[in-house]
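Chain residues, written in single-letter form:
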Amino acid sequence: MKKLSRGVPAALGLSLLVFQAVLPWTARYFMTMDGPSHLYNARVIGEVLFNPSSPYRAFYKLRPALTTNWGSVLLFNVVSRITATHAEPIVATLSVLAAVLSFFYLLRSLDPSAAFTPVINFLSLTWFLWVGFYNFYLGMALFALAVGYYVRHSVDLPWRRATALGFLLLATFFTHILPAVLAVLTILIVAGWLYAFRKPQLLLPLLVAIIPVCLLMGSFVLASREGIRVTPDIILAWHNFPSRVFAETFQENPSGTYLYPFMLCYLLLGIVLLRRSEWATARGGLLAATAVCFALYLIVPSHGFGGDDINARVAWAVFILGCTVAASGARMQMAALPVALVITGFLGVQLYRSMNRNVRNVSTAVEEYARATDSIPAGATVVRIHFDTVPMSRRYRYRGLALDPMYHADAWMAARHGWVDLSDYQAPSRVFALEFCPVITDEERSGLWNLEKGDQGGLASLQLLLHDFPSPIDYVLVLGDARSFKLWLDQQMDLVGTAGTGDFLSVYRRR
């Protein structure tokens, strides 16, 4: 019976992992909202650094300021040398594998004999993956890895292991700052907990390990041009917990609606059933960190320092820490089989729906987008303006996804064919490693940023950019339904391509 209770959950979890890993490959193309931008900017950075004759050098340069988000730059650069067309599904698969292995590493750090469980699959299937927040997603994998490494070696942390922990935290920071902050916070809480409940350990190696990353985090915050932009709403945060972290849709009944309350009960029950002897170990410290993260979720704003959905990101840490501790508890492991069956049932259905809506239906739209823009040559300067895409999402049957997966498809095509995609959001945002050269003024940068939405500001910006820009803009992509605007654009440029009878995408070329 014991073998059955361990073997069946492990088999179910590995089966779900295979499904998760192959999901991006179940259609011709796979695309998320931000994935194409990460691909494009990674390619541009590589060209700016290593190709003196690249046309990108006339428009882009690396920011001299301290920046993070280097994980996707390195990963997409390597993968895109093999294939730019299928770079994102490769990165998505690698990201899932990295998260699952890291979360399992954290679980085994608490209980070296713990078997693989579908709880790990649940933790890895989040909204952040479906919208292409790869830096944050990979950063949270490194967060679990760093915390697990410290838990394993907290009793004996010689200078060699402290150095390894320090480099792991630095890697987390340069991937994404928030997981680095959460990792340092969690490690300090666990260290304090163990110091109080067990014989005191030498804390100097630990402090030396975290000082470099703390200095970098402080420098990043001080140098940031953006502070906190939205004040927190504690009552709203309480009602929204966990802010649809495990849902890829924003429908009335989003995916994950019925699973994450079950997992929240699992987390709370795991705390209640924890034995007194287990409380005195690192488990107690991780649960204290879980409580702190939940408090942070309630009080931190949703936007700040150039990032969005900050509180939702912290909510994910609550589940990573709490559910991992619950899965490691001796009493909860006795219920591993029924828990595994429930999670597998919910996730199996969710993954099947995601395969059809998030992958196959979106792939059909991507194919039409590619056909409409295939004729744009390498080196062409291109801008994209975004209008209402609800009719498009209904046409291709992916209505309800959290964020529009076609939003930055222009960046995917630019990376494939070598366009200069001036309206991609990363360079004008002044948050990422890439920014515009001084030849593009702040006013023009703001105008390109305004093209993210096709409101009156975006229309006015495009009109100015078409007539007054350092380099002529060769192509304009109009994404979404904008009939009145297209009447004006028909007088300025030539229509050379459409997708979806023109209410999806219209391609205009400079006369």
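Refer to the structure above for everything that follows.
Predicted, not measured: the structure shown is a model, and the values here were computed from it.

Draft legend 1. Fine view of the overall build of the protein. A count of helical and extended segments in the protein gives 23 helices and nine strands. Over its C-alpha trace the protein gives a radius of gyration of 24 Å, about what one expects of a compact globule, namely 24 Å for 511 residues. Viewed in the frame of its principal axes, the protein has a C-alpha envelope of about 75 × 45 × 45 Å. Buried positions account for 58% of the 511 residues belonging to the protein.

Draft legend 2. Quick peek at helix α10 (residues 204-223). The end-to-end C-alpha distance of α10, which contains 20 residues, comes to 29 Å, matching closely the 28 Å that a straight helix rising 1.5 Å per residue would cover. The sharpest bend along α10 measures roughly 30 degrees and falls at I211, with the proline P212 sitting one to four residues further on. Along α10, the positions that sit buried rather than exposed are P205, L206, A209, I210, V213, M217 and F220. On its buried face, α10 sits against α7 (134-153), α8 (159-175) and α9 (177-197).

Draft legend 3. Seen up close, the nonpolar core. Counting 174 residues, the largest nonpolar core has Y60, F122, W316, M406 and F504 as its most contacted members. A per-element tally of this core places helix α15 (residues 310-328) first, with 14 residues. Ignoring sequence-local partners within four residues, the contact set of Y60 consists of Y40, V44, V48, V420, D421, L422, A427, L434, E435, F436 and C437.

Draft legend 4. Molecular detail of the sheet that holds strand β4 (residues 381-386). Pairing is mixed across the open sheet formed by five strands, whose spatial order is β5-β4-β7-β9-β8. The open sheet terminates on both sides in strands that have one partner only, identified here as β5 (420-421) and β8 (493-499). Bridge count for strand β7 (residues 475-479) against strand β9 (residues 505-510) is five bridges, and the pairing is antiparallel. Bridge assignment links Y475 to a residue of β9, and that residue is R509.

Draft legend 5. Fine view of the packing of aromatic side chains. Per the stated rule, a full pass over the model turns up 32 aromatic pairs. Here the aromatic rings of F241 and Y297 are separated by 5.2 Å at their centres, their planes lie at 65 degrees, and the arrangement is edge-to-face. Of the two residues, F241 is situated in the loop between α11 (234-240) and α12 (259-272) and Y297 in helix α14 (residues 282-299); the sequence distance between them amounts to 56 residues. Here F241 matches Y297 in class, with each residue buried. Ring centres 5.8 Å apart and planes at 25 degrees place the aromatic pair F485 and W488 in the stacked group. Of the two residues, F485 and W488 both sit in helix α23 (residues 483-492), three residues apart, roughly one turn of that helix.

Draft legend 6. Representation of the pairing of β7. Where burial is concerned, most of β7 is hidden: five out of the five residues are buried. Side chains Y475, L477 and L479 project from β7 onto one buried face, and the interleaved V476 and V478 project onto a second face that is buried too. Across five bridges, β4 lies against β7 in parallel orientation. Bridge pairing in β7 links R384 to L477.

Draft legend 7. The arrangement of the environment of S484 in detail. Mapping S484 onto the fold places it in helix α23. Sequence spacing of S484 and T26 is 458 residues, and the spatial spacing of their C-alpha atoms is 38 Å.

Draft legend 8. Structural context of the packing of helix α2 (residues 35-50) against helix α3 (residues 70-80). Running from N to C, α2 and α3 point in directions that differ by 75 degrees, and their axes come no closer than 8 Å. The angle between α2 and α3 falls in the class roughly perpendicular. Of the residues in α3, those touching α2 at G35, H38, L39, A42, R43, I45 and G46 are W70, S72, V73, F76, N77 and S80. Here the residues of the contact of α2 with α3 are counted per class, giving six nonpolar, six polar and one charged.

Draft legend 9. View of a nonpolar patch on the surface. A surface patch of nonpolar side chains, amounting to about 540 Å² of accessible area, comprises L188, Y195, L203, L207, I211 and L215. With respect to the secondary-structure elements, I211 resides in helix α10. For I211, a relative accessible area of 45% puts it in the partly exposed group.

Draft legend 10. Representation of the state of the cysteines. Counted by the stated rule, this structure contains zero disulfides. With no disulfide of its own, C214 lies 15 Å from the sulfur of C293, the closest cysteine sulfur. Cysteine C265 shares no disulfide, and the gap to the nearest cysteine sulfur, in C323, comes to 11 Å.

Draft legend 11. Up close: the environment of A336. In this structure, A336 sits in helix α17 (residues 336-373). Spatially, the C-alpha atom of A336 lies 28 Å from that of A312, the residues being 24 residues apart in sequence.

Draft legend 12. Main features of the pattern of salt bridges. Following the criterion strictly, the structure yields eight salt bridges and no others. The salt bridge involving E435 is made with R63; its shortest N-O contact spans 3.9 Å. Remark: R63 occurs in the loop between β1 (60-62) and α3 and E435 occurs in strand β6 (residues 434-436); sequence separation between them is 372 residues. Judged on exposure class, the residue E435 and its partner R63 are both buried. Taking the shortest distance from any N to any O, the salt bridge between R430 and D442 comes out at 2.4 Å. You can see R430 sitting in the loop between α20 (426-429) and β6 and its partner D442 sitting in helix α21 (residues 442-450), a full 12 residues away along the chain. Overall, D442 belongs to the partly exposed group, its relative accessible area being 48%. Here the residues in one salt-bridge network are K61, R63 and E435, joined through shared partners.

Draft legend 13. Seen up close, the side chain of T324. Mapping T324 onto the fold places it in helix α15. Look at T324 and you get buried, because its relative accessible area is 1%. For T324, the residues in contact, after removing those within four places along its chain, are F103, L106, L107, L110, L123 and F319.

What counts and what doesn't
Residues numbered from 1 in each chain as written. Predicted model: local features only at pLDDT ≥ 70, side-chain atom pairs only at ≥ 80, totals over all residues. Heavy atoms only, no water. Helix = DSSP H or I, 4+ residues; strand = E, 2+ residues; numbered from the N terminus. Rg over C-alpha atoms; globule rule 2.2 N^0.38 Å. Buried < 20%, exposed > 50% of the residue type's maximum accessible area, 1.4 Å probe, protein only. Expected span 1.5 Å × (residues − 1). Bend = angle between axes of the 7 residues up to and from the residue. Contact = heavy atoms within 4.5 Å. Core = buried A, V, L, I, M, F, W, Y, C linked by side-chain atoms within 4.5 Å. Pairing = 2+ DSSP bridges. Phe/Tyr/Trp six-rings, centres within 6.5 Å; stacked < 30°, edge-to-face > 60°. Axes fitted to C-alpha atoms, helices over the stretch in contact; angles between N-to-C directions. Parallel < 35°, antiparallel > 145°, perpendicular 65-115°, else oblique. Nonpolar A, V, L, I, M, F, W, Y, C, P; charged D, E, K, R; others polar. Patch = residues over 30% accessible without salt bridge, like charges linked within 9 Å, V, L, I, M, F, W, Y side chains within 5 Å. Areas by Shrake-Rupley, 256 points an atom, 1.4 Å probe, with all protein chains shown as cover. Salt bridge = Lys/Arg side-chain N within 4 Å of Asp/Glu carboxyl O. Disulfide = S-S within 2.5 Å.

By themselves these figures say nothing about function.
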